[in-house]
Amino acid sequence: MFQLDYMDHSPLYEQIKEKIKALIISGVLKPDEKVPSVRELAQSLTINPNTIHKAYKELELEGYIYSVRAKGSFVTPIYNKINQARKDNLLLELEKLVSELAYMNIPKEQLISRIEELYERGRQKNND
């Protein structure tokens, strides 16, 4: 499914969370598709199941996956992903990035153009 970078300074659970999130956003993992169980993923990555569990918990809190008792974890359909707190956090991150880029004298037109390009690319991935 994916590999972890043991030379990376970010925690393993964070790497797992980000890689699964990328698979969901890119459309590799489809809505309502079952994600590997904690045990399966722990065995394939040869790491502690508690690490996987922590990543899954955060993905669930962020609205990317949901759990069904005795069935496993599944990708949350897009219409259920409307998580206002997560949207607010992402917009705050964007605000910080734009402020820093403005400080670096990046032209407003270049920022807008780049955001539009990335937005269209994201929409295309979600529609595929």
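About the criteria used
- Residues numbered from 1 in each chain as written.
- Predicted model: local features only at pLDDT ≥ 70, side-chain atom pairs only at ≥ 80, totals over all residues.
- Heavy atoms only, no water.
- Phe/Tyr/Trp six-rings, centres within 6.5 Å; stacked < 30°, edge-to-face > 60°.
- Buried < 20%, exposed > 50% of the residue type's maximum accessible area, 1.4 Å probe, protein only.
- Lys NZ or Arg CZ within 6 Å of the ring centre and 35° of its normal.
- Core = buried A, V, L, I, M, F, W, Y, C linked by side-chain atoms within 4.5 Å.
- Helix = DSSP H or I, 4+ residues; strand = E, 2+ residues; numbered from the N terminus.
- Axes fitted to C-alpha atoms, helices over the stretch in contact; angles between N-to-C directions.
- Parallel < 35°, antiparallel > 145°, perpendicular 65-115°, else oblique.
- Left-handed = near helix turned anticlockwise from the far one by under 90°.
- Contact = heavy atoms within 4.5 Å.
- Nonpolar A, V, L, I, M, F, W, Y, C, P; charged D, E, K, R; others polar.
- Salt bridge = Lys/Arg side-chain N within 4 Å of Asp/Glu carboxyl O.
- UniProt positions renumbered as here; feature names shortened; annotations may be inferred.
- Arc of directions from axis to C-beta.

You'll find the protein chain entered in an unreviewed UniProt entry as GntR family transcriptional regulator, with Desulfosporosinus lacus DSM 15449 given as the organism.

Peer 1: Quick question: what am I supposed to make of the packing of aromatic side chains here?
Peer 2: The relative placement of two aromatic rings is captured by the distance of their centres and the angle of their planes. Applying the stated criterion to the full structure yields one aromatic pair. Relative to Phe74, the ring of Tyr66 has its centre 5.6 Å away and its plane inclined at 25°; by these criteria the two rings are stacked. The exposure class of Phe74 is buried, given its relative accessible area of 15%. Sitting over the face of the ring of Tyr13, Lys54 holds its NZ or CZ atom 4.2 Å from the ring centroid.

Peer 1: Help me understand the nonpolar core in this model?
Peer 2: Side chains of a nonpolar character, in soluble globular proteins, are inclined to be buried together. Ranked by internal contacts, the top residues of the largest apolar core, which has 20 residues, are Phe2, Ile16, Ile20, Leu41, Leu45, Ile52 and Tyr56. Listed by contribution, the elements that provide at least two residues to this core are helix 1 (12-25), helix 2 (38-45) and helix 3 (49-61). For this core, the element with the most residues is helix 1, which contributes five residues.

Peer 1: Is there a simple way to think about the packing of helix 2 against helix 3 in this case?
Peer 2: Helix packing geometry: the angle between the two helix axes and the distance between the axes. Their axes nearest at 8 Å, the elements helix 2 and helix 3 cross at an angle of 125°. One element, helix 2, and the other, helix 3, form an angle in the oblique class. Taken as a pair, helix 2 and helix 3 cross one another with a handedness that is right-handed. Together, Val38, Leu41, Ala42 and Leu45 of helix 2 and Pro49, Ile52, His53 and Tyr56 of helix 3 make up the contact between the two elements. Of the residues contributing to the contact of helix 2 with helix 3, the split by class is seven nonpolar, one polar and no charged.

Peer 1: Help me understand unusual backbone geometry, please; the structure alone is not making it clear to me.
Peer 2: As a rule of thumb, non-glycine residues mostly have phi less than zero, and peptide bonds are mostly trans rather than cis. Look at Thr46: it is not a glycine, yet its phi comes out positive at around 50°. Within the fold, Thr46 resides in the loop between helix 2 and helix 3. Although it is not a glycine, Asn105 adopts a positive phi angle of roughly 60°. Along the chain, Asn105 falls in the loop between helix 4 (84-103) and helix 5 (108-127).

Peer 1: Please clarify how the pattern of salt bridges should be interpreted in this entry.
Peer 2: Applying the stated criterion across every chain yields a total of six salt bridges. As a salt-bridge pair, Lys17 and Glu58 come within 3.0 Å of each other at their nearest N and O atoms. Here the residue Lys17 occupies a position in helix 1, and Glu58 occupies one in helix 3, the gap between them amounting to 41 residues. On the accessibility criterion, Glu58 (22% relative accessible area) is partly exposed. Lys21 is paired through a salt bridge with Glu62; the nearest N and O atoms lie 2.9 Å apart. Taken together, the residues span a long stretch of sequence, with Lys21 in helix 1 and Glu62 in the loop between helix 3 and strand 1 (65-68) at a distance of 41 residues.

Peer 1: Looking at this structure, I do not really get the UniProt feature "domain: HTH gntR-type" (unreviewed entry) in the protein chain. What am I missing?
Peer 2: Using the residue numbers shown here, the UniProt feature "domain: HTH gntR-type" (unreviewed entry) corresponds to residues 10-78. Strand forms 12% of residues 10-78 and helix 51%; the C-alpha atoms that close the span are 28 Å apart.

Peer 1: How should I be thinking about helix 2 in this particular structure?
Peer 2: For helix 2, every residue scored as buried is listed here: Leu41, Ala42 and Leu45. For helix 2, the buried positions fall inside an angular range of 100° around the axis, keeping them on one side. In helix 2, the exposed positions that point more than 90 degrees away from the buried face belong to Arg39, Gln43 and Ser44. Looking at the packing, one finds that the buried side of helix 2 touches helix 1 and helix 3.

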